[in-house]
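# Summary of the model geometry
The chain contents come next:
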Amino acid sequence: VSFIRHTQTVVSEQELEMAMAPSKVVVLMAFMAAALSSVSMAAGLQHGFYYSSCPQAEDTVRNVVQGMINNDPTMGAAFVRLFFHDCFVRGCDASILLDPTTSNPQTEKTTIPLRGYDAVNKIKAAVEAVCSRVVSCADILAFAARDSIVASGGFNFHMPSGRLDGFRSIADEVFQGIPSPAFQLQELLDNFATKGLNAEDLVVLSGAHSFGLTHCNFVTPRLYPTVDPTMNATFAAALKKVCPPPRNGGGFISVSNNRVTDPNKLSNQFYHNVASGQVLFTSDQTLMDQTPTTGNKTAAMVTDNAANPIAWMARFAGAMVKMGGIEVLTRTDPGEVRKVCFATNNAS
């Protein structure tokens with residue numbers, strides 16, 4: 001990943017007040033400025049990319065996203081997850097959104113059931129109604145993820161834009177790029193490193209597991225035939241009531257990532273859950289482990305993020321911007337602005 005331009009981002013008090021006391025807003029602004037000033041934007045991305053060509057773009061996305069989350073609070077996590085999956089496979093190019101075609105029957109979306117595809121199509125239609133063929137689907141995904149954080153987490157930040165949409169989507173690349181929920185710490189670190197992300201990015205972005213849904217088939221390996229000893233026993237017993245043994249079916253039963261507090265609120269609660277053994281995935285609990293290269297560095301980060309919610313918000317914003325620059329296509333690269341998000345402009 002090429003990060004070549006440093007830009008300090010200023011976040012307004014109006015954007016950040018979101019039910020916070022004024023003193024907390026000021027502190028968050030300071031943390032946010034520090035976190036984002038250290039994040040380099042990928043070549044070709046910039047803040048306010050559409051200010052001239054489509055000044056209504058970001059407001060349109062935000063209004064539609066906010067309405068969707070008001071109607072279904074689980075959609076906030078769905079948009080963030082879509083953005084993560086898009087960026088970790090072929091970079092942030094909206095390849096995750098492409099439907100299968102005669103010439104390419106196995107696209108990324110055929111491998112893992114994700115929510116939000118129809119929602120993104122509706123957002124794109126709303127944007128097309130105000131500015132036709134100007135705003136890419138890759139940028140719409142980035143804006144929708146940011147706006148989900150505003151709605152579900154209560155903090156805001158500027159998301160750079162200027163991405164183009166890619167032409168290809170390959171199913172086999174999903175499992176090469178997306179980290180498995182069964183990964184151990186070193187596997188996670190290696191996976192994130194291939195995307196230009198470090199240990200802090202891993203720990204900070206894992207905080208997104210404070211909200212949203214998963215399925216029992218990702219959880220049952222830690223419950224059966226015996227409970228993972230790192231899982232809280234009371235938590236495991238309650239989880240077994242939701243997720244039956246694999247032989248009994250029920251693998252696609254939905255279960256909340258956060259079963260301790262509000263499952264639709266993005267927050268630093270995730271780190272409290274990790275510390276108490278009340279998380280679903282091996283890839284979450286392993287953040288408390290040690291590796292020969294990092295020692296107990298990630299465990300210390302878990303503790304720090306649990307104790308400092310405002311600092312975590314700022315770090316999360318910075319990590320989202322950094323992730324949003326993975327292998328992007330910009331105006332000098334082969335790409336396009338799709339008319340619809342589920343097909344290239346010359347689909348066959």
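Please read these numbers as outputs of a predicted model, since none were measured by experiment. (Residues numbered from 1 in each chain as written. Predicted model: local features only at pLDDT ≥ 70, side-chain atom pairs only at ≥ 80, totals over all residues. Heavy atoms only, no water.)

Now for the environment of Ala182. Of note, Ala182 is situated in the loop between helix H7 (174-177) and helix H8 (185-193). For the pair Ala182 and Pro221, spaced 39 residues apart in the sequence, the C-alpha separation amounts to 8.7 Å. Apart from the residues within four sequence positions on either side, Ala182 is in contact with Glu187 and Thr282. (Helix = DSSP H or I, 4+ residues; strand = E, 2+ residues; numbered from the N terminus. Contact = heavy atoms within 4.5 Å.)

Within the structure shown, the criterion is met by 13 salt bridges. With its nearest N and O atoms 3.2 Å apart, the salt bridge here joins Asp72 to Arg115. Within this pair, whereas Asp72 is found in the loop between helix H3 (57-71) and helix H4 (75-88), its partner Arg115 is found in the loop between H4 and helix H5 (117-130), the two being separated by 43 residues in sequence. A relative accessible area of 37% means that Arg115 is categorised as partly exposed. A salt bridge links Arg146 to Asp147, with the nearest nitrogen and oxygen atoms 2.6 Å apart. Take Arg146 and Asp147: they sit in the same class, and that class is buried. Salt bridges sharing common partners tie together Glu58, Arg62, Arg146 and Asp147. (Salt bridge = Lys/Arg side-chain N within 4 Å of Asp/Glu carboxyl O. Buried < 20%, exposed > 50% of the residue type's maximum accessible area, 1.4 Å probe, protein only.)

As a further point, take the UniProt feature "active site" (unreviewed entry) in the protein chain. What UniProt calls "active site" (unreviewed entry) maps, in this numbering, to His85. Secondary-structure assignment places His85 in helix H4. Setting aside chain neighbours within four positions, we find His85 in contact with Ile96, Ile112, Leu114 and Ile178. (UniProt positions renumbered as here; feature names shortened; annotations may be inferred.)

On to the confidence of the model for the protein chain. With 88% of its residues at a pLDDT of 70 or more, the protein chain shows a mean pLDDT of 90. Counted against residues more than four places away or in other chains, residues 1-20, with its pLDDT under 50, gives 59 contacts. (pLDDT = per-residue confidence, 0-100.)

In terms of nonpolar packing, the biggest core is built from 79 residues, with Phe79, Phe83, Leu97, Ile123, Phe316, Met320 and Met323 touching the most fellow members. Broken down by element, the residue count for this core peaks at ten residues, all from H4. Beyond its immediate stretch of four places on either side in the chain, Met320 contacts Phe83, Ala145, Ile149, Phe157, Met159 and Leu205. Leu223, Tyr224, Cys243 and Phe281 belong to the second-largest nonpolar core, a separate cluster that totals twelve residues. (Core = buried A, V, L, I, M, F, W, Y, C linked by side-chain atoms within 4.5 Å.)

So, about H5. Between its first and last C-alpha atoms H5 spans 21 Å; for 14 residues at 1.5 Å apiece the expected length is 20 Å, and the two agree. Within H5, burial applies to Tyr117, Ala119, Val120, Ile123, Lys124, Val127 and Glu128. Contact partners of the buried residues in H5: H3, H4 and helix H6 (137-153). (Expected span 1.5 Å × (residues − 1).)

Further remarks concern the UniProt feature "binding site: substrate" (unreviewed entry) in the protein chain. As annotated by UniProt and renumbered to match this structure, "binding site: substrate" (unreviewed entry) occupies Pro179. Topologically, Pro179 is positioned in the loop between H7 and H8. On the basis of relative accessible area, Pro179 is assigned to the buried category, the value being 15%. What Pro179 contacts, discounting residues up to four positions off in sequence, is Phe84, Phe88, Leu188, Asn191 and Phe192.

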